[in-house]
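Structural features, examined
Listed here are the chains, written in short residue letters.
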Amino acid sequence: MREYRLAWGADFETTVEIQYLAEGRVHVWAWAVQCVQDPDTRARGETIESFFEFFKNKKADIYFHNLKFDGMFILDYLLRNGYPAMEFTFKDKPKEPHVETMIDGHGAVYRIDLYDGKTHLAFYDSMKKYRMPLESVASIFRIPGKTPLKLGYRFIGREVTDEEWERVENDVRILCEAMRFQKEQGLNRITVASDAKDAYVEMTGKEVIARRHPRLSYELDEALRPAYKGGYVYLNEPYRGKVIHDVWVFDENSKYPAIMKGVHGELLPRGMPRWVDQDYVLEENEVDIWDVTLDLHLKKNKLPWIHYNNHPGHLNVEYIIEEEDPMRMMFATPDWELLHECYECDVIGFNGRWVFWAEKGQFDSYVNYWMGVKERASLEGNGGRRQQAKDMMNNLSGRFALNPNRESKVPYFDKEADMVKFQTVKKIVAPWYVPTSIFITSYGRNRIVHDAMRFGDDFVYADTDSLHILNYEKHKHWFEKECHPTHLGYYGLEDKWEDAKYIRAKAYMHQHSIPPEATPEQIRKLREIKCGGLPDKAKEHVNFDNFHVGSELEGKLAGRVVPGGYLLRDTTFKIQGGERWTF
């Protein structure tokens, strides 16, 4: 019988850079916890020692919002006090006191477990369930948001003020409300993608799943995986770095769920593939994946959409315009069709072709159910349930493509450095069914590239499910047919911006007219700045003049493991080009 475990929300407040420079370490100066099942049960303290004393002899699931940060203080304390650490395992656990971790090769922390006699504490990251800042979580559940703290040097032993306690306890209250909803809905997995997979399997049935998405061998997964590519992101070159005006932005409603449902007739693969030759003619209910060696030349008035892949002299984010060197590539059916539409290509070598039986509306029942939940929740003003429905629809497609080649990091305590360090462990796990994800993303690319090319010189920018265009009135007739505010797979008007500047893929700025007397809060609402990794604090310093490649902006926090835990230090953010080699 599974043991009953209470769940807790938790938060640490920790010392900052100025104190680290003075003392050579960081530490926890305040903590608060609240029971998810019983909100009136709570505790707080001022040292990490008292935190673990509170949980002594308890069995508990404890959630932090960003375990990569708080978890380093936990690991430092436990490993510094002699607990050995090992990679998390579901069986054959040592009986002696120890720590187990689930940390991927990129340093993302999924869980940390402490086993010590009657004590079993499992620390989880609520950001794997709500992939957003805690302020946004508060907004979903209509809870007053976070209050900022004035951070600076804290003398050891300085008493925590009422204002500081209010901040840390309010963060925990937000977190508990969110995790209470998760428990009530039976969302008990570590990540939202795993919750979505469980929901799909339960709704569809394991027997149907086994026939539709059979587990592939490692060798077959390895052969097919190169056909799996991400969303299409492209900035039309004439608009790079220029301030332009009257930009209309349209987003596809639930793009990948619409493909999974087959709104536009998309056929998705099922079952095991069979090998055929290049002359085989597909039947109506079949799709295929090609493996070919070719050279490419972009046709006139077509958009490039094929990336270089580990090709000398080119970055992987570069699109191919003209390339004489033969390159080996793989294409699913929608990509194969788009290839011949956009490129002149000479197929120099045929390396293989896999054919699948296919079906339309493969996820029809699943998507319809969650769309119904989303619509009802919107009418009822149930933010938690609405977010759950969105997560269930948007996080399933990528779950089929999890890479079986895994890296994990296992912590150990380096006495000489007086801090936690990590060693990398490689392993192979069983793949699932990457063809599903291959075709969902392939159909997505096919549509967004086709749609972008419709607008000719009025096309500015595309990103996965989003089109940015000029001169809307010229194209109004097309949008009237293709737009709907709620229908899956149709475009919806996101916004119309008076001014805009695009400097590269994933880096652009939109702005409405800003009155001279506008407050900082009003300015934030009249602007939209997208630039991967650029913090909100740094965005406050952005304008059209300094928004360019090479610009350095204040307001970024860089983190690293140090003695005691994890340190965030002030630094600058430099906008990188990242699209071409510089010599």
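For the protein, the helix and strand inventory stands at 16 helices and 23 strands. Here the C-alpha atoms of the protein give a radius of gyration of 26 Å, agreeing with the 25 Å that 2.2 N^0.38 yields for 583 residues. Here the analysis covers contacts within the protein between residues at least 6 apart in sequence; of these, 70% occur between residues at least 24 apart. Summed over its atoms, the accessible surface of the protein is roughly 28600 Å², and 49% of this surface lies on carbon and sulfur atoms. Averaging the positions of the 80 positive and the 92 negative side-chain charges in the protein gives two centres separated by 3 Å.

This part covers the sheet that holds strand 2 (residues 28–35). What the eight strands build is an open sheet, ordered 3-2-1-4-8-7-6-5; its pairing is mixed. Two strands close off the open sheet at either side, each with one partner strand: strand 3 (42–45) and strand 5 (85–87). Strand after strand, the sheet turns through a mean of 20° between neighbouring axes, direction not considered. As paired elements, strand 6 (residues 98–103) and strand 7 (residues 109–116) share six bridges and run antiparallel to each other. Its bridge partner lying in strand 7, Ile 103 is registered against Val 109. Contacts between helix 3 (residues 67–80) and the sheet are confined to strand 1 (6–14), strand 2, strand 4 (59–64), strand 5, strand 6, strand 7 and strand 8 (119–125), with strand 7 contributing the most and set at about 25° to the helix. The strands touched by helix 5 (residues 162–184) are strand 1, strand 2, strand 3 and strand 4; relative to strand 2, the strand with the most contacts, the crossing angle is about 35°.

Let's shift gears to the sheet that holds strand 13 (residues 322–332). The strand order across the open sheet formed by four strands is 11-14-12-13, and the pairing between neighbours is antiparallel. Because the sheet does not close on itself, it has two edges, and the strands there are strand 11 (267–275) and strand 13. Across the sheet, the axes of successive neighbouring strands diverge by a mean angle of 35°, strand direction being ignored. Pairing analysis gives 13 bridges linking strand 12 (residues 286–298) to strand 14 (residues 343–360), with the strands arranged antiparallel. Within the sheet, the bridge partner assigned to Thr 293 lies in strand 14 and is Gly 349. Across the sheet, helix 13 (residues 434–454) touches strand 11, strand 12, strand 13 and strand 14, and the angle it forms with strand 11 is around 130°.

As a further point, take the packing of helix 10 (residues 333–342) against helix 13. Across the interface, helix 10 lies against helix 13 with an axial gap of 8 Å and an inter-helix angle of 30°. Between helix 10 and helix 13, the interaxial angle falls into the category roughly parallel. Once helix 10 is placed against helix 13, the crossing between them reads as left-handed. Residue-level contacts link Thr 333, Pro 334, Asp 335, Glu 337, Leu 338, Glu 341 and Cys 342 of helix 10 to Phe 439, Ser 442, Tyr 443, Arg 445, Asn 446, Val 449, His 450 and Met 453 of helix 13.

A word on the pairing of strand 14. In terms of strand pairing, strand 11 meets strand 14 through six bridges, oriented antiparallel. If you follow Arg 274 over to strand 14, its bridge partner there is Val 355.

Moving on: the environment of Val 287. As for its position among the elements, Val 287 is in strand 12. For Val 287, a relative accessible area of 2% gives the class buried. Along the primary structure Val 287 and Ala 332 are separated by 45 residues, whereas in three dimensions their C-alpha atoms are 7.7 Å apart.

This model, assessed by the stated rule, comprises 35 salt bridges. A salt bridge links Glu 252 to Arg 447, with the shortest nitrogen-to-oxygen separation between them at 2.8 Å. Here Glu 252, found in strand 10 (residues 243–252), pairs with Arg 447, found in helix 13; they are 195 residues apart in sequence, far enough to count as distant. In this structure Arg 447 comes out as buried when scored by relative accessible area, which is 13%. Residue Glu 341 is joined to Lys 302 by a salt bridge in which the shortest nitrogen-to-oxygen separation is 3.7 Å. Here Glu 341, found in helix 10, pairs with Lys 302, found in the loop between strand 12 and strand 13; they are 39 residues apart in sequence, far enough to count as distant. Overall, Glu 341 belongs to the partly exposed group, its relative accessible area being 27%. A relative accessible area of 27% means that Lys 302 is categorised as partly exposed.

Let's shift gears to the nonpolar core. Judged by nonpolar contacts, the single largest core of 42 residues is most densely connected at Leu 224, Ile 289 and Tyr 366. The contact partners of Leu 224, leaving out residues within four places of it in the chain, are Leu 216, Ile 289, Met 330, Trp 354, Phe 356, Val 434, Pro 435 and Ile 438. By size, the runner-up hydrophobic cluster in this structure holds 40 residues, among which are Trp 8, Cys 35, Leu 67 and Val 109.

What follows covers the packing of helix 11 (residues 364–380) against helix 12 (residues 383–394). Where helix 11 meets helix 12, the axes come as close as 8 Å, and the angle between the chain directions of the two elements is 160°. As the angle between them shows, helix 11 and helix 12 are arranged roughly antiparallel. The element helix 11 and its partner helix 12 pack so that their crossing is left-handed. Taking contact as the criterion, the partners of Tyr 366, Val 367, Tyr 369, Trp 370, Met 371, Val 373, Lys 374, Ala 377 and Ser 378 in helix 11 are, on helix 12, Arg 385, Arg 386, Gln 388, Ala 389, Lys 390, Met 392 and Met 393. Residues of the contact of helix 11 with helix 12, tallied by class, amount to 10 nonpolar, two polar and four charged.

As for its position among the elements, Ile 348 is in strand 14. Dropping the residues within four chain positions of it, Ile 348 is found in contact with Thr 293, Leu 294, Asp 295 and Pro 326.

Our next topic: the packing of aromatic side chains. Working definition: an aromatic ring pair is given by the centre-to-centre distance plus the angle between the planes. Applying the stated criterion across every chain, the model contains 50 aromatic pairs. Considering the side-chain rings of Phe 250 and Tyr 472, the 5.9 Å spacing of their centres and the 25° angle between planes classify their relative orientation as stacked. In this pair, Phe 250 is assigned in strand 10 and Tyr 472 in helix 14 (residues 472–482), connecting sequence segments 222 residues apart. Among the aromatic residues, ring-to-ring pairing joins Trp 8, Phe 12, Trp 31, Phe 51, Phe 52, Phe 54, Phe 55, Phe 64, Tyr 77 and Phe 123 into one connected group. Over the ring of Trp 165 we find Arg 44, and its NZ or CZ is 4.3 Å from the ring centre. The ring of Trp 432 has Lys 197 lying over it, and the distance from NZ or CZ to the ring centre is 4.6 Å.

Another aspect to go through is helix 6 (residues 192–204). Between its first and last C-alpha atoms helix 6 spans 18 Å; for 13 residues at 1.5 Å apiece the expected length is 18 Å, and the two agree. When helix 6 is considered as a whole, its buried residues turn out to be Val 192, Ser 194, Asp 195, Ala 196, Lys 197, Ala 199, Tyr 200 and Val 201. Once helix 6 ends, the next one or two residues include Gly 205, with phi positive near 100°.

Rules behind the numbers
- Starting afresh in each chain, residues are numbered from 1 along the sequence in its written order.
- Only residues with pLDDT of at least 70 are given local features in this predicted model, and only at 80 or more are side-chain atom pairs given and counted; all residues enter the totals for whole chains, interfaces and linings.
- Side-chain numbers come from the whole structure's heavy atoms, not from hydrogens or water.
- Runs of H or I in DSSP of at least four residues are treated as helices and runs of E of at least two as strands, each being numbered from the N terminus.
- The quantity called the radius of gyration is restricted to C-alpha atoms. Its globule counterpart is 2.2 Å times the number of residues to the power 0.38.
- Contact between two residues is taken to exist if any of their heavy atoms lie within 4.5 Å; hydrogens are not considered.
- Accessibility throughout is a Shrake-Rupley quantity obtained with a 1.4 Å probe, and a residue counts as covered only by protein chains that appear here.
- Charge counting treats Lys and Arg as positive and Asp and Glu as negative, with His and both chain ends excluded.
- Every charge is mapped to an atom, namely NZ of Lys, CZ of Arg, CG of Asp or CD of Glu.
- Here a strand pair is declared whenever DSSP counts at least two bridges between the two strands.
- The axes used here are C-alpha line fits, helices contributing only the stretch in contact, and every angle between their N-to-C directions lies in the interval 0 to 180 degrees.
- Should an angle fall under 35 degrees it is taken as roughly parallel, and over 145 as roughly antiparallel, whereas 65 to 115 is taken as roughly perpendicular and any remaining angle as oblique.
- A crossing counts as left-handed when the near helix is turned anticlockwise from the far one by less than a right angle, and as right-handed when that turn is clockwise.
- Under the scheme applied here, a residue whose accessible area is under 20% of the maximum for its type counts as buried, over 50% as exposed, and between as partly exposed, the area being computed with a 1.4 Å probe on protein chains only.
- For this document, the term salt bridge refers to a Lys or Arg side-chain nitrogen within 4 Å of an Asp or Glu carboxyl oxygen.
- Only buried Ala, Val, Leu, Ile, Met, Phe, Trp, Tyr and Cys residues count toward a nonpolar core, and they belong to the same one when joined by side-chain atoms within 4.5 Å.
- When residues are sorted by character, Ala, Val, Leu, Ile, Met, Phe, Trp, Tyr, Cys and Pro go into the nonpolar class, Asp, Glu, Lys and Arg into the charged class, and all the rest, Gly among them, into the polar class.
- Each Phe, Tyr or Trp ring (for Trp, its six-membered ring) is paired with any other whose centre lies within 6.5 Å, and the angle between the two planes then decides the class: stacked below 30 degrees, edge-to-face above 60, tilted in between.
- A ring is considered to have a charge above it if a Lys NZ or an Arg CZ atom is located within 6 Å of its centre and within 35 degrees of its normal.
- A helix is expected to span 1.5 Å for every residue after the first.

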